[in-house]
Amino acid sequence: MSNKPIIENLLSIDSAGAHIELRCPLTPERNTREDYYRGIAALANRLTNVVSITLLPYHPLGIAKCKNFGYDSPIHEASLWINPMPKMRRDLYKP
């Protein structure tokens, strides 16, 4: 799935002067990599009206939901403890 429509919408509302709060959910083993953080920072640096960037930690409730519905969770519960969420480097974003 492409994030192109999201980026186009962000660029459009930025050019209209709206204040933008980037809220980025993080999922272990999916998007908790340095390149993801660099991508967020690069996008924020393209915009002129970013007022905040919030990295939202994964909530393990999703694991229990998968189990209750009889599905295998795409996230391994142990990985939440073995690989805690890293913090985005502040030096990547230049407000």
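Refer to the structure above for everything that follows.
A brief report on the enclosed structure follows. (Residues numbered from 1 in each chain as written. Predicted model: local features only at pLDDT ≥ 70, side-chain atom pairs only at ≥ 80, totals over all residues. Heavy atoms only, no water.)

1. Quick word on the pattern of salt bridges
Then comes step 1: A complete count under the given rule lists 3 salt bridges for this structure.
Then comes step 2: The partner of Arg 33 in a salt bridge is Asp 35, and the shortest N-O contact between them spans 3.0 Å.
Then comes step 3: The exposure class assigned to Arg 33 is partly exposed, which follows from its relative accessible area of 42%.
Then comes step 4: A relative accessible area of 47% places Asp 35 in the partly exposed class.
Then comes step 5: The closest approach of N and O atoms between Arg 38 and Glu 34, which form a salt bridge, is 3.4 Å. Separated by 4 residues within a single helix, Arg 38 and Glu 34 lie in helix α2 (residues 34-46), roughly one turn from each other.
Then comes step 6: Arg 38 sits in the partly exposed class, given a relative accessible area of 41%.
Then comes step 7: You can call Glu 34 partly exposed: its relative accessible area is 35%. (Salt bridge = Lys/Arg side-chain N within 4 Å of Asp/Glu carboxyl O. Buried < 20%, exposed > 50% of the residue type's maximum accessible area, 1.4 Å probe, protein only. Helix = DSSP H or I, 4+ residues; strand = E, 2+ residues; numbered from the N terminus.)

2. Overview of the environment of Ala 41
Then comes step 1: One can find Ala 41 in helix α2.
Then comes step 2: Taking the C-alpha atoms as reference, Ala 41 lies 8.9 Å from Ile 53; in sequence the two are 12 residues apart.

3. Focus on helix α1 (residues 4-15)
Then comes step 1: Over its 12 residues, α1 runs 17 Å from end to end, which matches the ideal 16 Å to within 8%, given 1.5 Å per residue.
Then comes step 2: In the stretch just after α1, Gly 17 is the one whose phi turns positive, near 90°. (Expected span 1.5 Å × (residues − 1).)

4. Brief notes about the nonpolar core
Then comes step 1: Counting residues in each nonpolar core, the largest one holds 9 residues, listed as Leu 10, Ile 20, Leu 22, Cys 24, Ile 40, Leu 43, Ala 44, Leu 47 and Val 50.
Then comes step 2: The set of elements that each furnish at least two residues to this core consists of β1 (20-25) and α2. (Core = buried A, V, L, I, M, F, W, Y, C linked by side-chain atoms within 4.5 Å.)

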